[in-house]
Amino acid sequence: MVSEDYLRERIDAVLTEKVSHVVKAEAEQKLFAYNEEHPFSEDELQAILDDICVEYRNAWVDPGEPVGTVAAQSLGEPGTQMTLNTFHYAGVAEINVTLGLPRIIEIVDVRKDPSTPVMEIALDKEHSAARDTAIEVARRIEGTTVENVARQTALDVINTEFHIDLDSERMEDAGITLDTIIKKLKKLKQVEKIRYDTEENTIIISPGNVTLVKLRRFSQKVKALPLKGLKGIERAMVKKEGDEYYVYTEGSNLSEVLKVPGVDFTRTKTNNIYEIFEVLGIEAARNAIIAEIQNVLDEQGLEVDRRHIMVLADAMCLEGEIQQIGRHGITGEKASVLARASFEVTTGHLLEAAREGERDMLNGVTENVIVGQPIPLGTGIVDLIMKSSDTEEE
Amino acid sequence: MSKVNIVEHELVPQHIVLSPEEEEVVLKKYNIDRNNLPLIKSTDPIIQELEEQLAEQSEDEGKVSLKGRIIKIIRNNSPAGEGVYYRYVIE
């Protein structure tokens, strides 16, 4: 058995320079544990440490390895196993979230408005401990419209009026009074008359003598009138996760949510990647892309090495803004005529290139396959440069 | 309520502005030109935040521009532990 001091000293001496500190930390922890159980000799320890270094080197990506192609294949194959359309109901909160292939497509297409935006909002210490305080924050966030607090609405076509029957319970839940609704309604342009009954909690509102189509349009506008909360957030619910309460929302508005008192913005998440890019920058967006793709794959029980996803995210974020991955790859059109011609409308591309006098520098893979040269990948990436004998003599 | 400091968000890795000397070392190490580096826009919220911080620190008034500088980004969620990345600031 080797002493702990010796073990620590050897690990430091051999591994510090050669492996990353994550590997070193793991090796250290495991070696200490094994040494207790099955004591090893100094020679055995040296052999293990040497093996760790060799294995670590072997895990490196070799120069010239087509990491992009490998990443594409590694993500493409599990893609074929994904369910075509899944909606997932996230626990008791019953928020549905697009997952599976449609979500992957959404991510690589960089849609500015994902089909099911959701947020997970962490709360600060004062608000995360109890349900009441969490609900208080949720109310500040949840967008409430007239329709949300109405029990019933009806059009009175004959008198061109719109009747709103308010639900006092819902109003209380959202913390809205009749007065605030009236005030907001009065600000609407088309409103001509407003009558209300405080006891019955009803409002009758009229845009004057207008056509039926206009009345209907008016009623839609009244129903959608925001009374409170943040734009874009339709529902907010409180859910306990561990010892903390979180607010989950349907709809996303990161920039506004970050400013809401009671919210711990450092741990607040949204699945709207473009919003993250706008509010938190390109590096945060890259992390979000990785996290979102990983989440879809995990949900479907598929295992893909994280580094493939990282390659994808890095490529998408290379230019300082998120670029979508389209039919022609990330950059859009390929630089090489031959590569383009080998994909679609061969004669069209060749004709156009000839007409414009385009040059093909034969830098890519496809064009080199076409002309029968080694492709610039793997061992083919290395060029041999030799001094010829006559230049040496000069 | 205090102003939201986006740099503290858990999705945002540490961004460090390199000094011109450090830039030279990096470019030499990888044997590249600064135009070969991945880019970051000067309108990026994190760059704006860094510019504000620098403007506060510097004594003379006026805006600080990071355009043309290299930003070192330390990513801590890489499988190999810490990952260092560089981005070149464009307009």
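It should be emphasised that the depicted structure is a prediction, and the values quoted were computed from it without experimental measurement.

**Describing the interface of chain B and chain A**
Reasoning step 1: Chain B puts 28 residues into the contact, and the matching count from chain A is 33 residues.
Reasoning step 2: Taken together, both faces of the contact between chain B and chain A bury some 2500 Å²; the carbon and sulfur share is 59%.
Reasoning step 3: The largest contributions to the chain B side of the interface with chain A come from B:His9, B:Leu11 and B:Pro79, which together make up 23% of the buried area.
Reasoning step 4: Remark: the boundary between chain B and chain A carries four salt bridges.
Reasoning step 5: As a salt-bridge pair, B:Arg87 and A:Glu283 come within 2.8 Å of each other at their nearest N and O atoms.
Reasoning step 6: Counting the contacts that link chain B with chain A gives 14 residue pairs in polar contact (both at pLDDT 80 or more).

**Some thoughts on the environment of A:Asp360**
Residues and elements named next belong to chain A.
Reasoning step 1: Structurally, the position occupied by Asp360 is in the loop between helix H17 (346–356) and helix H18 (365–371).
Reasoning step 2: A residue is classified by how much of its surface remains accessible, and Asp360, at 24% relative accessible area, is partly exposed.
Reasoning step 3: Residues Asp360 and Ser336 lie 24 residues apart in sequence; the distance between their C-alpha atoms is 5.6 Å.
Reasoning step 4: Not counting residues up to four positions away in its chain, the partners in contact with Asp360 are Ser336, Val337, Leu338 and Glu367.
Reasoning step 5: Of note is the side chain of Asp360, whose polar atom sits 3.3 Å from the backbone nitrogen of Val337.
Reasoning step 6: Within the local environment of Asp360, its side chain forms a polar contact with the backbone nitrogen of Leu362, the two atoms lying 3.0 Å apart.

**Focus: the side chain of A:Ser128**
Residue and element names in this part refer to chain A.
Reasoning step 1: Secondary-structure assignment places Ser128 in helix H6 (residues 125–128).
Reasoning step 2: Of the residues examined, Ser128 reaches a relative accessible area of 8% and is grouped as buried.
Reasoning step 3: Ignoring any residue separated from it by four or fewer positions in sequence, one finds Ser128 in contact with Leu123, Asp243, Glu244 and Tyr245.

**Section: unusual backbone geometry**
Reasoning step 1: The phi dihedral of A:Val345 is positive, around 30°, even though this residue is not glycine.
Reasoning step 2: Of note in the backbone geometry, B:Asn31 takes a positive phi value of approximately 55° without being a glycine.
Reasoning step 3: Take B:Asn31: it is sitting in the loop between helix H1 (20–30) and strand S2 (39–41).
Reasoning step 4: For B:Asn31, a relative accessible area of 69% corresponds to the exposed category.

**Structural notes on a nonpolar patch on the surface**
Reasoning step 1: A contiguous nonpolar patch, built from A:Val61, A:Val67 and A:Val311 and spanning about 200 Å² of accessible area, is present on the exposed surface.
Reasoning step 2: Note on placement: A:Val61 falls in the loop between helix H3 (42–58) and helix H4 (67–81).

**Observations regarding the sheet that holds strand S10 (residues 235–241) of chain A**
All names here are of chain A.
Reasoning step 1: Ordered in space as S10-S11-S3-S12, the four strands form an open sheet in which the pairing is antiparallel. Edge positions in the sheet fall to S10 and strand S12 (269–270), since each has one partner strand and no second.
Reasoning step 2: With two bridges connecting them, strand S3 (residues 118–122) and S12 associate as antiparallel partners. By the bridge assignment for S12, Met119 is matched with Thr270.

**Focus: the packing of aromatic side chains**
Reasoning step 1: Per the stated rule, a full pass over the model turns up four aromatic pairs over all chains.
Reasoning step 2: Considering the side-chain rings of A:Tyr56 and A:Trp60, the 6.2 Å spacing of their centres and the 75° angle between planes classify their relative orientation as edge-to-face.
Reasoning step 3: The cationic tip of A:Arg57 hangs over the ring face of A:Trp60; the distance from NZ or CZ to the ring centre is 4.0 Å.
Reasoning step 4: For the cation-ring pair, B:Arg75 lies above B:Tyr85, with the distance from its terminal atom to the ring centre recorded as 3.8 Å.

**Brief notes about the environment of A:Lys24**
Residues and elements named next belong to chain A.
Reasoning step 1: Locating Lys24 in the fold gives a position in helix H2 (residues 21–37).
Reasoning step 2: Judged by its relative accessible area of 16%, Lys24 falls in the buried class.
Reasoning step 3: The spatial distance from the C-alpha of Lys24 to the C-alpha of Leu49 is 10.0 Å, given a sequence separation of 25 residues.
Reasoning step 4: With near-sequence residues (within four places) excluded, Lys24 lies in contact with Ile11, Asp12, Leu15, Thr16 and Val19.

**A short note on the nonpolar core**
Residues and elements named next belong to chain A.
Reasoning step 1: Core analysis: the largest hydrophobic core is formed by 63 residues, its most contacted members being Ile141, Leu280, Ile289, Ile293 and Ile322.
Reasoning step 2: Top element by residues in this core is helix H14 (residues 282–299). It accounts for nine residues.
Reasoning step 3: Once residues within four sequence positions are removed from consideration, Ile322 is found in contact with Val110, Ile273, Phe277, Ile282, Ala285, Ile289 and Met316.
Reasoning step 4: In this structure, Val149, Ala174, Ile176 and Ile181 belong to the second largest nonpolar core, which totals 21 residues.

What counts as what
- Residues numbered from 1 in each chain as written.
- Chains lettered and ligands numbered in written order.
- Predicted model: local features only at pLDDT ≥ 70, side-chain atom pairs only at ≥ 80, totals over all residues.
- Heavy atoms only, no water.
- Contact = heavy atoms within 4.5 Å.
- Buried area = accessible area lost by both parts, 1.4 Å probe.
- Salt bridge = Lys/Arg side-chain N within 4 Å of Asp/Glu carboxyl O.
- Polar contact = N/O pair within 3.5 Å; in protein donor to acceptor, adjacent residues only side chain to side chain.
- Helix = DSSP H or I, 4+ residues; strand = E, 2+ residues; numbered from the N terminus.
- Buried < 20%, exposed > 50% of the residue type's maximum accessible area, 1.4 Å probe, protein only.
- Patch = residues over 30% accessible without salt bridge, like charges linked within 9 Å, V, L, I, M, F, W, Y side chains within 5 Å.
- Areas by Shrake-Rupley, 256 points an atom, 1.4 Å probe, with all protein chains shown as cover.
- Pairing = 2+ DSSP bridges.
- Phe/Tyr/Trp six-rings, centres within 6.5 Å; stacked < 30°, edge-to-face > 60°.
- Lys NZ or Arg CZ within 6 Å of the ring centre and 35° of its normal.
- Core = buried A, V, L, I, M, F, W, Y, C linked by side-chain atoms within 4.5 Å.

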